[in-house]
Amino acid sequence: MIQRDTKKDFPIFGKWKSKGKPLIYLDSAATTQKPQEVIAALDEYYENYNANVHRGAYELSQIATDMYEEARAKVASFINSARPESIVFTRNATESLNLVAYAWGLNNLHEGDEVILSDMEHHSNLVPWHIISRHTGAVLKFIRMSSDYRLDLQSLKDNLGPKTKMVSVVHVSNVLGTINPVKEICRMAHEAGALAMVDGAQSAPHMPVDVRDIGCDFYALSGHKMCGPTGIGALYAKHELLEKMDPFLGGGEMINEVFPTTSNYARPPYKFEAGTPNIAGAVGLKAAISYLEKIGMQNVEDHEIELGDYAEKRLADVDGIRIFRPETTGTGVISFTVEGVHPHDISTILDAEGIAIRAGHHCAQPLMRKLQVQSTARASFYLYNDKSDVEALAAALEKGIAIFRPKKKAAPEQTVRDAR
Ligand code: C6P
């Protein structure tokens, strides 16, 4: 567990009062809060160093460029990329996943080729492939989820074949918290001659990640889910693949030479960073990674798993609860339903106590159908949560449901009719 009171590092916890109560923030899978160091880095950049990058021969622009490139190097070392040039800055994990689907998929997929995804994917790793398969005629296949909320690697084995060109899977499910065996999945994909992509939106913020050890060809992450600003994300890609891929977007910065009817492109990663990038976002992301490194990613992971396990045990006593979490390989994400209470009502009940959770399909509608629910309530923990937050969640849930349920049940008309 992280012993220090990390809430103190995040100004919002000292400021925001929800219904007059201190904020209990349990929606970090959606976006995390920002530590003072990140907020200060953004201010410092805009106050002292703001200029466009890679364009000016003057000192200020040079400093801004250095700050931007230092951020790239920081992301690279954080996920153990062999070189900073393997990191493309994007807006978020969604854009990173789209970049690969478009820039790699459009040129490399043909009629009848196969892309393997999984039952647990977020829409960001589904919809881009729907679009690309419509353009190319590629076929989408799925690694099935077993009844214990884990991916069934036998179904991957059964799907892999000579037509498989790409296997793209989520590292940690945003609904179930399942940590998928991505190293094994990448190995199996490569053995079949396919490439492998990992959606790391829910892993990079929560555990040590080593892209070389995983062996993936592509890895996507979002800055705002790991204490960084919104609007900045990254794609890791093996450099030789980036070299062969066409650009995703065209415009300034990504070119080498431009003629009226044709152009050729800059070397990667710049080939994939058209237009003025989110310089301040990159600077903020660097500060976020420094903050996470000070805490230690192994500590973050251990802390969240402990909270997740604790929450699972604590919530198990709530009347009518169904928890969707694997027995092992779970993280600090707890999705649940409560019999007779809609997930949106659960969220509203908890909001009255100052507790922020998410309710809905979590951008994973195919997974919801597999679970045979429309939606779930989801509490997601991060490094600033502790057991008192879990206790508050359980108490508010028990109290709220007790008030909500009898109101629903005690329909007087029905009582009269039943009595007749
Ligand atoms: N999941 C959640 O509340 P963006 O929006 O691009 O930063 O992240 C997209 C994304 C991709 N993959 C996974 C596994 C994710 O969880 C997300 C974002 C948020 O669960 C918002 S729907």
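Everything below is about the structure shown above.
Residues numbered from 1 in each chain as written. Predicted model: local features only at pLDDT ≥ 70, side-chain atom pairs only at ≥ 80, totals over all residues. Heavy atoms only, no water.

Q: What exactly am I supposed to notice about the packing of aromatic side chains here?
A: In this description, an aromatic ring pair is defined by two values, namely the gap between the centres and the angle between the planes. The full count for this structure, using the stated rule, is nine aromatic pairs. Their ring planes at 85° and their centres at 5.5 Å tell us that Tyr382 and Tyr384 sit as a pair that is edge-to-face. The structure contains a cluster of three or more aromatic residues connected by ring pairs, namely Phe10, Phe13, Tyr291, Tyr382 and Tyr384. The ring of Phe13 carries Lys7 above its face, with NZ or CZ at 5.8 Å from the centroid. Looking at Lys387, its charged tip hangs above the ring of Tyr310, at a distance of 4.9 Å from the centre. (Phe/Tyr/Trp six-rings, centres within 6.5 Å; stacked < 30°, edge-to-face > 60°. Lys NZ or Arg CZ within 6 Å of the ring centre and 35° of its normal.)

Q: For this particular structure, what's the right way to read the site of the ligand?
A: Neighbouring the ligand are 18 residues; Thr94, Asp199, Ser222, His224 and Arg358 lie closest to it. Within the side chain of Arg358, one N or O atom sits 2.5 Å away from an oxygen atom of the ligand. Interatomic distance of 2.7 Å between a side-chain N/O atom of Arg378 and an oxygen atom of the ligand. Compared with its free state, where it exposes 510 Å², the ligand has 90% of that area covered by protein. Residue composition of the shell around the ligand, grouped by class: six nonpolar, eight polar and four charged. Two domains each donate at least three residues to the shell around the ligand, and these are domain 1 (6–30 + 296–404) and domain 2 (38–293). (Near = heavy atom within 4 Å. Polar contact = N/O pair within 3.5 Å; in protein donor to acceptor, adjacent residues only side chain to side chain. Areas by Shrake-Rupley, 256 points an atom, 1.4 Å probe, with all protein chains shown as cover. Nonpolar A, V, L, I, M, F, W, Y, C, P; charged D, E, K, R; others polar. Domains from an automatic or database assignment.)

Q: Quick question: what am I supposed to make of the sheet that holds strand β16 (residues 358–360) here?
A: Sheet architecture is open: four strands sit in the order β13-β14-β17-β16, paired in antiparallel fashion. The sheet is open, and its two borders are formed by β13 (321–324) and β16, each paired with just one other strand. If you compare each strand with its neighbour and ignore which way they point, the axes differ by 30° on average. The strands touched by helix α11 (residues 297–315) are β13 and β14 (333–338); relative to β14, the strand with the most contacts, the crossing angle is about 15°. This element, helix α12 (residues 343–351), spans β14, β16 and β17 (376–380) of the sheet and lies at about 160° to β16. (Pairing = 2+ DSSP bridges. Helix = DSSP H or I, 4+ residues; strand = E, 2+ residues; numbered from the N terminus. Axes fitted to C-alpha atoms, helices over the stretch in contact; angles between N-to-C directions. Contact = heavy atoms within 4.5 Å.)

Q: Just to check I follow, could you spell out the environment of Leu160 for this structure?
A: Mapped onto the elements, Leu160 comes out in the loop between α6 (153–159) and β7 (164–170). Given a relative accessible area of 17%, Leu160 falls into the buried group. (Buried < 20%, exposed > 50% of the residue type's maximum accessible area, 1.4 Å probe, protein only.)

Q: Got a minute to help me understand the pairing of strand β8 (residues 195–199) in this structure?
A: Regular strands place side chains that alternate from one sheet face to the opposite one. Most of β8 is tucked away: five of the five residues are buried. The alternating pattern of β8 places Leu195, Met197 and Asp199 and Ala196 and Val198 on opposite faces, both of which are buried. Sheet topology note: the β7/β8 ladder contains five bridges and is parallel. In the strand pairing of β8, Ser168 is matched with Met197. This β-α-β element, β7 to helix α7 (residues 182–191) to β8, shows right-handed connectivity. Relative to strand β9 (residues 218–222), β8 runs parallel, the two being bridged by three bridges. Directly across from Val198, in β9, lies its bridge partner Tyr219. (Right-handed = clockwise from strand over helix to strand, strands pointing away.)

Q: Is there a simple way to think about the environment of Ile214 in this case?
A: Here Ile214 shows up in helix α8 (residues 211–214). Looking at Ile214, the relative accessible area reads 9%, which means it is buried. Here the alpha-carbon distance between Ile214 and Met254, two residues 40 residues apart in the chain, equals 29 Å. Other than its neighbours up to four places away in sequence, Ile214 contacts His171, Val182, Lys183, Cys186, Val198 and Val209.

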